[in-house]
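Listed below, chain by chain, are the residues.
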Amino acid sequence: PFVPGESPLVWSNDNSRLKMAHHIDAAKEHLEIQHPKYVDLLILERIMEAFARGVKVKVLCSGTHGVRAWDRVETFSSLRMMQKLGLAVHKMKTPKLHAKLVVVDRRIAFTGSMNIHHRAFDERRELGIVLEDKTMVSQLLATFQHDWNESSKFEVPDPLIFDQHV
């Protein structure tokens, strides 16, 4: 049954940023993140704070695939900041990334259509769900691990040198 406020559903522009931040803040050991865009400062701050308190953070991105030119400067700047702090940032080789996934402590999964992007949180109608079912979370984590193992460290280009964005 659906009870507003008690549902595992996550809605933009209602509660998606708050719920994503809450789950990132709750991470104690692991944070696996698979997103194409990294353009929301509040969520990025939370990810970096989790790393600073000792959480093992893996960030999987798509490079330029699916990231429009106007979002590349912010996405690449965000990824470079995370790398400079010591977070592991990888780029998928194949298939092309469209998934949006955050797995917290390998027991809670936050997945849906919203990117880590202020427009996805504030201006669009996006839908996600928070999963705690062990089987579902295990399957999502296994897919993340497969994608991570097939990926490579992302040499994030300088956001201001557009020729490197290809």
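Residues numbered from 1 in each chain as written. Predicted model: local features only at pLDDT ≥ 70, side-chain atom pairs only at ≥ 80, totals over all residues. Heavy atoms only, no water.

**Student:** How should the nonpolar core be read in this particular structure?
**Tutor:** Core analysis: the biggest nonpolar cluster contains 33 residues, and Leu31, Tyr38, Ile47, Leu79 and Met82 have the highest contact counts within it. Sorting the residues of this core by element identifies α1 (16–26), β2 (30–34), α2 (41–52), β4 (56–61), α3 (69–85), β6 (101–104), β7 (108–112) and α4 (118–122) as the ones contributing at least two each. The dominant element in this core, judged by the number of residues it contributes, is α2, at 5 residues. Among residues more than four places away in sequence, those in contact with tyrosine 38 are Ile33, Leu44, Val59, Leu60, Cys61, Glu74, Thr75, Ser78, Leu79, Met82 and Ile116. Among the nonpolar cores identified, the runner-up in size contains 10 residues, and Leu101, Val103, Ala109 and Phe144 belong to it. (Core = buried A, V, L, I, M, F, W, Y, C linked by side-chain atoms within 4.5 Å. Buried < 20%, exposed > 50% of the residue type's maximum accessible area, 1.4 Å probe, protein only. Helix = DSSP H or I, 4+ residues; strand = E, 2+ residues; numbered from the N terminus. Contact = heavy atoms within 4.5 Å.)

**Student:** What exactly am I supposed to notice about the packing of α1 against α2 here?
**Tutor:** Packed helix pairs are characterised by how far apart their axes lie and by the angle those axes make with each other. At their nearest, the axes of α1 and α2 sit 9 Å apart, and the two run at 5° to each other. Accordingly, the angle class assigned to the pair α1 and α2 is roughly parallel. Contact with α1, carried on its side by Arg17, Met20, Ala21, Ile24 and Asp25, involves Leu42, Ile43, Arg46, Ile47 and Ala50 of α2 and no other residues of that element. Along the lines of polarity and charge, the residues of the contact of α1 with α2 split into 7 nonpolar, no polar and 3 charged. (Axes fitted to C-alpha atoms, helices over the stretch in contact; angles between N-to-C directions. Parallel < 35°, antiparallel > 145°, perpendicular 65-115°, else oblique. Nonpolar A, V, L, I, M, F, W, Y, C, P; charged D, E, K, R; others polar.)

**Student:** Explain the environment of lysine 96 here, please?
**Tutor:** With respect to the secondary-structure elements, lysine 96 resides in the loop between β5 (88–91) and β6. Counting along the chain gives 19 residues from lysine 96 to asparagine 115, while the straight-line C-alpha distance between them is 15 Å.

**Student:** Looking at this structure, how should I read the environment of asparagine 115?
**Tutor:** Examined against the element boundaries, asparagine 115 turns out to sit in the loop between β7 and β8 (116–117). Sequence-wise, asparagine 115 and isoleucine 43 are 72 residues apart; in three dimensions their C-alpha atoms are separated by 11 Å. For asparagine 115, the residues in contact, after removing those within four places along its chain, are His35, Pro36, Lys37, Lys100, Ala120 and Phe121.

**Student:** What is the right way to read α1 from this model?
**Tutor:** Helical geometry note: an α-helix holds 3.6 residues per turn, so side chains three or four residues apart project in the same direction. For α1, the set of buried residues is Ser16, Met20, Ala21, His23 and Ile24. One face of α1 carries all of its buried residues, which in axial projection span an arc of 165°. Residues Leu18 and His22 are exposed on α1 and point more than 90 degrees away from its buried face. (Arc of directions from axis to C-beta.)

**Student:** What exactly am I supposed to notice about unusual backbone geometry here?
**Tutor:** Glycine aside, negative phi is the norm for most residues, and most peptide bonds take the trans geometry. Looking along the chain, the bond that leaves serine 12 and enters asparagine 13 is cis, with omega of 15°. Mapped onto the elements, asparagine 13 comes out in the loop between β1 (9–12) and α1. Although it is not a glycine, aspartate 105 sits at a positive phi angle of roughly 50°. For aspartate 105, the position within the fold is in the loop between β6 and β7. In this structure, arginine 106 takes a positive phi of about 55° despite not being glycine.

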